[in-house]
Amino acid sequence: MIELKNIVKTYRTGDESLVALDDVTLSITDGEFTAIMGPSGSGKSTLMNILGLLDQFDSGTYFLNGVDVSKLSDNEGAHVRNKEVGFVFQSFNLMPRMTLLENVELPMIYAGIPAKERKKRALKALERVGLANRVKHKPNEISGGQKQRVAIARAIVNNPSVLMADEPTGNLDSKTAIGILRIFQELNVEGTTIVMVTHEPEVAIYTKRILSFFDGALKEDHSQIPEII
Ligand code: ADP
Ligand code: MG
């Protein structure tokens, strides 16, 4: 599903340049639940942004479901991103003035899905994460763990082929984090491919595979039997 070959990504600011990803080659197949690990600054978020078609790379190739993404126009890239990728961030990134239901409807508005269908699917997604009774609430009326559940509902509502999460439990206490990881495990069992950045080993034990980065390079690729929640 995800096929990266010799990816290099350099950030240029003024006359400084920094190699954030240094010749990264990896593949991730359907149904995996993979953790991206490594110290701060090792390139984890840069990798996620490239995988999620949020950022470009300098050289190498990236095939997503057989599509060479470097050949896509900005418009085509946005279309593929909206269709294939769901995103969850550490800081939830919900729209504060919108209700939870409206937040979850957003990606479907971009996808041009009619209002009635949007509402039905948003309700189902919120139900899926255990928030069916909060749909009219605003983000500031719910807890951090609940906000992350809304973000997950929003990320899965278009049935993406891959769910990407950058430190999704980084702002949550460990008990709340377990609840989020349980949802990820359930979604993975149901067939969703998940790529999750974490720097916490106690979070990575719930995944099937750990890719470890250091200084922008992939140092270790380790499969494991996940701890089941
Ligand atoms: P991680 O998520 O593992 O902490 P990042 O991918 O955010 O690492 O960053 C990798 C390296 O690239 C770091 O040295 C960081 O300072 C640098 N970097 C990240 N984003 C930018 C940017 N927009 N401009 C310049 N340098 C950046
Ligand atoms: Mg990061």
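None of the values given here were measured: they were computed from a predicted structure.

A. Spotlight on the site of ligand 1. Neighbouring ligand 1 are the residues Tyr11, Thr13, Leu18, Ala20, Gly38, Ser40, Gly41, Ser42, Gly43, Lys44, Ser45 and Thr46. Those elements that provide at least two residues to the shell around ligand 1 are β1 (2-13), β2 (16-28) and α1 (44-51). Sorting elements by how many residues they give to the shell around ligand 1 places α1 first, with three residues. Each residue belonging to the shell around ligand 1 can be placed in one class, and the counts come to three nonpolar, eight polar and one charged.

B. The arrangement of the sheet that holds strand β5 (residues 67-68) in detail. Across the sheet, four strands lie side by side as β2-β1-β4-β5; this open sheet has antiparallel pairing. Each end of this open sheet is capped by a strand with a single partner; those strands are β2 and β5. The sheet contact formed by β1 and β2 spans 10 bridges and is antiparallel. When the sheet's bridge partners are listed, Leu4 is paired in β2 with Leu26.

C. Summary view of the pairing of strand β8 (residues 193-197). Most of β8 sits inside the fold, with five of its five residues counted as buried. Of the two faces of β8, the one lined by Thr193, Val195 and Val197 and the one lined by Ile194 and Met196 are each fully buried. Note that strand β7 (residues 162-166) and β8 share five bridges and pair parallel. Bridge pairing in β8 links Asp166 to Val197. At this point the chain moves from β7, through helix α6 (residues 174-189), to the parallel β8, and the crossover so formed is right-handed.

D. Highlighting the sheet that holds strand β10 (residues 217-223). Ordered by their spatial adjacency, six strands build an open sheet running β6-β7-β8-β3-β9-β10, and the pairing between neighbours is mixed. Taken across any chain shown, the strands that pair with only one partner, and hence form the sheet edges, are β6 (85-89) and β10. Between one strand axis and the next, the sheet turns by 15 degrees as a mean value, whatever way the strands run. For strand β9 (residues 209-214) and β10, the ladder comprises six bridges, and the chain directions are antiparallel. Its bridge partner lying in β10, Ser212 is registered against Glu220. Relative to β6, helix α5 (residues 144-156) is tilted by about 165 degrees, and along the sheet it contacts β6 and β7. Contacts from α6 reach β3 (33-37), β7 and β8, with the element oriented near 150 degrees to β8.

E. Main features of the packing of helix α3 (residues 100-110) against helix α4 (residues 115-128). Across the interface, α3 lies against α4 with an axial gap of 9 Å and an inter-helix angle of 120 degrees. Classed by the angle they form, the pair α3 and α4 counts as oblique. Seen along the crossing, α3 lies across α4 with a hand that is right-handed. Only Arg118, Lys119, Arg121, Ala122, Leu123, Ala125 and Leu126 of α4 make contact with α3, whose side of the interface consists of Leu100, Leu101, Val104, Glu105, Met108 and Ile109.

F. Up close: the confidence of the model for the protein. Per-residue confidence for the protein averages 96 on the pLDDT scale, and 100% of its residues sit at or above 70. Overall fold confidence for the complex sits at a pTM of 0.96, while the interface term, ipTM, reaches 0.99.

Cut-offs applied
- Residues numbered from 1 in each chain as written.
- Chains lettered and ligands numbered in written order.
- Predicted model: local features only at pLDDT ≥ 70, side-chain atom pairs only at ≥ 80, totals over all residues.
- Near = placed C-beta within 6 Å.
- Helix = DSSP H or I, 4+ residues; strand = E, 2+ residues; numbered from the N terminus.
- Nonpolar A, V, L, I, M, F, W, Y, C, P; charged D, E, K, R; others polar.
- Pairing = 2+ DSSP bridges.
- Buried ≥ 20, exposed ≤ 12 C-beta atoms within 10 Å, placed from the backbone.
- Right-handed = clockwise from strand over helix to strand, strands pointing away.
- Axes fitted to C-alpha atoms, helices over the stretch in contact; angles between N-to-C directions.
- Contact = placed C-beta atoms within 7 Å.
- Parallel < 35°, antiparallel > 145°, perpendicular 65-115°, else oblique.
- Left-handed = near helix turned anticlockwise from the far one by under 90°.
- pLDDT = per-residue confidence, 0-100.

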